[in-house]
Amino acid sequence: MSKSLLRTAVPSSRLSRRGILAALTAAALIGSLAACTPSPTPAETNEEVAVVDGGELVIGAEQEPDCADWIATCGGSIWGTYVMQIPTMPSVFQTRLVDDEWVPVPSDLVTGEPTAEVAEDGTQTVTYEINPDAVWSDGEPITSADFAYTALQIRDGDDIFDKTGYDRITAVDVSDPQKAVVTLDSAFAGWRTLFSVYGIMPAHILEGQDRNAMMADGYDFSGGPWKIEKWTRGTSVTLVPNENYWGEKPHLDKVTFLFLPDTTAAFQALKSGQVSVLAPTPQLDALSQIEAGLPGVKSQVDARSGNLEAIWLNNAVAPFDSVAVRQALAYSIDRDAIVKRLFGSLGIDKAQQSFNSPMVAPFASDDFSQYTLDLDKVDELMEGDGWKKNGDGVWAKGGETATFSIKTLAGNKRRDLTVQVLQSQLADAGFEMTIDQVTPADLFGTIAPEGDFQAGIWALVDTFPDPTLSATFSSVNIPSDANGFSGINFYRANIPGLDDLLTQVDSEIDTDARIAASHEGDALIAENVPSLPLDAVPNVLLWSEKVGGPLQINPIEGPFWNLAEWGLAG
């Protein structure tokens, strides 16, 4: 699930969480597979700086989430996950660096690795032993009832971001408050994502209440090291320590995330000292300034990314309801040239060739590599689909032209450059593209779920180190009245044969067979071009030298994953 769904990462790129499925294979195996991935630009090693207790920090945040109900479609902004969900919601697995690979490890919510067993009848049982020290911020223990409440809210609810895996749950045994036994009707290779991507919600507070209404504007409960003290819409979110957290408590007295959607303004805020930390989308001017050196500012740039940016095409509306038109569009764009212009200074000059991100590279094929700039191929495909160029050089058919609007987020200079280059390349190929800037709340709250767009540019962010494209492309995840507008297949992709392959990737226990199914699915996706991958967006973290602690980019949980360990430099 890329809460993606597509979860945003994507905010500067977008934001969406993508539900990524956890494999049944051990973390060590995932690590060995990752070793086969293309070599990314190595992350800098950051020196840990000693901190003092107390004090406050102001941090810049590129996007404001539409709501704080993390399981709902409105909670799909990855920035909401970064600044509020991860610091406050307990989860079973966390992504941590082990032997130089980011892998899922059990959190202190549980006493150890949960056990997962597949019975002869194909059903699967996962048993979670809950840490007896784990309590909510009001002192109430975290119990199996919280697991049951969370599971059923996702499985049975309307307007759910992604139900992958939860839709297989048939029962949650809560007879022992310290043990949750979850039964699924079939094997789910990504069982580690359960109660990890979304976390756990408190049944004793939310049971029988309107969950979405209670959490929409923030909430006062917590099962993490921080609590939400205040969310001032349009301005900021403030966190304070959760005094009842059973793990390591924060060093800081308060952290305020200041919403700065304009990346240029955010950069100026860092240089002026208005904010002490930024995780900006890599803009050309920002990268050049980082390379030149920023007085009093430290930095880390890491191309090891789960942020995948793409051109998303609405397969249900003209002109992209035609496979030939979508393929022609793909042959109209020089993606390598765009990537080189955006990220060439980081040594990145090749387009992404799969919707599986570099974080799950063994599951990705390179089938989209067939789509390079080829205007003869564009002509062949468009003419074969009945189109002819009009006097303006634009493809026309049946009184309509190949004219479309692309939705993009306002204030993002890198995106602005990207769509301008696209506009020029597509004009040469006979497509007329207009640019429509929108807010993240509008794009991911209404426009995308309701399918009210022709094309868009945003990113999906992996929220778990395991592959899945079912949340993104399975037809059952097309939001609609019938499913309560649940799902993040905003592009209405419905490719014959693909659902079965994606289900196999979700269910297959054997890793080799799972990878083979994933590659077969990739080939089918590339053939039909439901959308077009552009690039994996590198991660950037900038911070004042006045900030101490082990600051380091976590490509899955984001830049603030270990905020409790941060402080003012001692």
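So, how was this worked out
Residues numbered from 1 in each chain as written. Predicted model: local features only at pLDDT ≥ 70, side-chain atom pairs only at ≥ 80, totals over all residues. Heavy atoms only, no water. UniProt positions renumbered as here; feature names shortened; annotations may be inferred. Axes fitted to C-alpha atoms, helices over the stretch in contact; angles between N-to-C directions. Helix = DSSP H or I, 4+ residues; strand = E, 2+ residues; numbered from the N terminus. Parallel < 35°, antiparallel > 145°, perpendicular 65-115°, else oblique. Left-handed = near helix turned anticlockwise from the far one by under 90°. Contact = heavy atoms within 4.5 Å. Nonpolar A, V, L, I, M, F, W, Y, C, P; charged D, E, K, R; others polar. Disulfide = S-S within 2.5 Å. Buried < 20%, exposed > 50% of the residue type's maximum accessible area, 1.4 Å probe, protein only. Pairing = 2+ DSSP bridges. Right-handed = clockwise from strand over helix to strand, strands pointing away. Core = buried A, V, L, I, M, F, W, Y, C linked by side-chain atoms within 4.5 Å. Expected span 1.5 Å × (residues − 1). Arc of directions from axis to C-beta. Polar contact = N/O pair within 3.5 Å; in protein donor to acceptor, adjacent residues only side chain to side chain. Phe/Tyr/Trp six-rings, centres within 6.5 Å; stacked < 30°, edge-to-face > 60°. Lys NZ or Arg CZ within 6 Å of the ring centre and 35° of its normal.

- Going by an unreviewed UniProt entry, the chain carries the name ABC transporter family substrate-binding protein and comes from Microbacterium luteolum.
- Word for word, the UniProt comment on the chain under Sequence similarities (unreviewed entry) is "Belongs to the bacterial solute-binding protein 5 family."

**Describing the packing of helix α10 (residues 335-343) against helix α12 (residues 413-429)**
Working step 1: The geometry of α10 relative to α12 is characterised by a closest axis approach of 11 Å and an angle of 155° between their N-to-C directions. With respect to each other, α10 and α12 are oriented roughly antiparallel. Judged by the sense of rotation from one axis to the other, the crossing of α10 with α12 is right-handed. Of α12, the residues touching α10 (which contributes Ile338, Arg341, Leu342 and Phe343) are Arg414, Leu417, Thr418, Val421, Leu422 and Gln425.
Working step 2: Classifying every residue of the contact of α10 with α12 by side-chain character gives six nonpolar, two polar and two charged.

**Re the state of the cysteines**
Covalently bonding the sulfur atom of one cysteine to the sulfur atom of another cysteine gives a disulfide.
Working step 1: Applying the stated criterion to the full structure yields one disulfide.
Working step 2: For Cys67, the disulfide goes to Cys74, at an S-S distance of 2.1 Å. Sign of the S-S torsion, about 75° for the bond between Cys67 and Cys74, identifies this disulfide as right-handed. Per residue, the accessibility class of Cys67 equals that of Cys74, and both read buried.

**Considerations on the sheet that holds strand β3 (residues 51-52)**
Backbone hydrogen bonds are what pair the strands of a sheet, in a parallel or an antiparallel way.
Working step 1: With antiparallel pairing, the three strands of this open sheet are ordered in space as β3-β26-β25. Each end of this open sheet is capped by a strand with a single partner; those strands are β3 and β25 (547-548).
Working step 2: Strand direction decides the pairing type here: β3 and strand β26 (residues 567-569), joined by two bridges, are antiparallel. In the strand pairing of β26, Val51 is matched with Ala569.

**Let's talk about the sheet that holds strand β10 (residues 179-184)**
Working step 1: Read from one edge to the other, the open sheet built from four strands follows the order β7-β8-β10-β9, with strand pairing classed as antiparallel. Single-partner strands in this sheet number two, and they are β7 (115-118) and β9 (169-176). Adjacent strand axes in the sheet meet at a mean angle of 15°, parallel and antiparallel pairs treated alike.
Working step 2: Both β9 and β10 contribute to a ladder of five bridges, which runs antiparallel.

**Side note on the pairing of strand β21 (residues 432-438)**
Working step 1: Relative to β21, strand β20 (residues 403-409) is paired through seven bridges, and the arrangement is parallel. Across the sheet, residue Leu409 finds its bridge partner in β21, namely Val438.
Working step 2: Handedness of the crossover is the feature at issue here: the chain leaves β20, passes through α12, returns alongside β21, and the resulting connection is right-handed.

**Some details on the nonpolar core**
Working step 1: Counting residues in hydrophobic clusters, the biggest one holds 154 residues, and the most contacted among them are Phe195, Phe431, Phe473, Phe560 and Trp566.
Working step 2: Looking at which element gives the most residues to this core, the answer is α12, with six residues.
Working step 3: In contact with Phe473, other than residues within four places in its own chain, are Trp312, Phe355, Asn489, Tyr491, Ala493, Leu498, Asp499, Leu502, Ile525 and Pro530.

**Details of helix α16 (residues 511-528)**
Working step 1: Look at α16: 26 Å from first C-alpha to last across 18 residues, which is about the 26 Å you get at 1.5 Å a residue.
Working step 2: Within α16 the residues assigned to the buried category are Thr511, Arg514, Ile515, Ala517, Ser518, Gly521, Asp522, Leu524, Ile525, Ala526 and Asn528.

**Focus on helix α11 (residues 375-384)**
Working step 1: Of all the positions in α11, only Val378, Leu381 and Met382 are classed as buried. Angularly, the buried residues of α11 cover 95° about the axis, an arc narrow enough to put them on a single face. With respect to the buried face of α11, the exposed residues turned more than 90 degrees away are Asp376, Glu380, Glu383 and Gly384.
Working step 2: For α11, the side-chain oxygen to backbone nitrogen distance between the N-cap and Asp376 is 3.3 Å, and the N-cap itself is Asp374.
Working step 3: In the stretch just after α11, Gly386 is the one whose phi turns positive, near 90°.

**Overview of the side chain of Thr238**
Working step 1: Mapped onto the elements, Thr238 comes out in strand β12 (residues 236-241).
Working step 2: For Thr238, a relative accessible area of 5% translates into the label buried.
Working step 3: Once residues lying within four places of it in the same chain are set aside, the contact partners of Thr238 are Lys227, Ile228, Glu229, Lys230, Lys254, Val255 and Thr256.

**Notes on the packing of aromatic side chains**
Two measures describe an aromatic ring pair: the distance that separates the ring centres and the angle between the ring planes.
Working step 1: Taken as a whole, this structure holds 28 aromatic pairs when the rule is applied.
Working step 2: Here Phe355 and Phe368 contribute two aromatic rings whose centre-to-centre distance is 5.6 Å and whose plane-to-plane angle is 85°, an arrangement assigned as edge-to-face. Pair noted here: Phe355 is in the loop between α10 and α11 and Phe368 is in the loop between α10 and α11, with a separation of 13 residues, a long-range link.
Working step 3: Using a relative accessible area of 1% as the deciding quantity, one classes Phe355 as buried.
Working step 4: Through a chain of ring-to-ring contacts, three or more aromatic side chains come together here, namely Trp312, Tyr331, Phe355, Phe368, Tyr371, Phe444, Phe453, Trp458, Phe473, Phe490 and Tyr491.
Working step 5: Taking NZ or CZ as reference, Arg233 lies 3.9 Å from the ring centre of Trp231, over its face.

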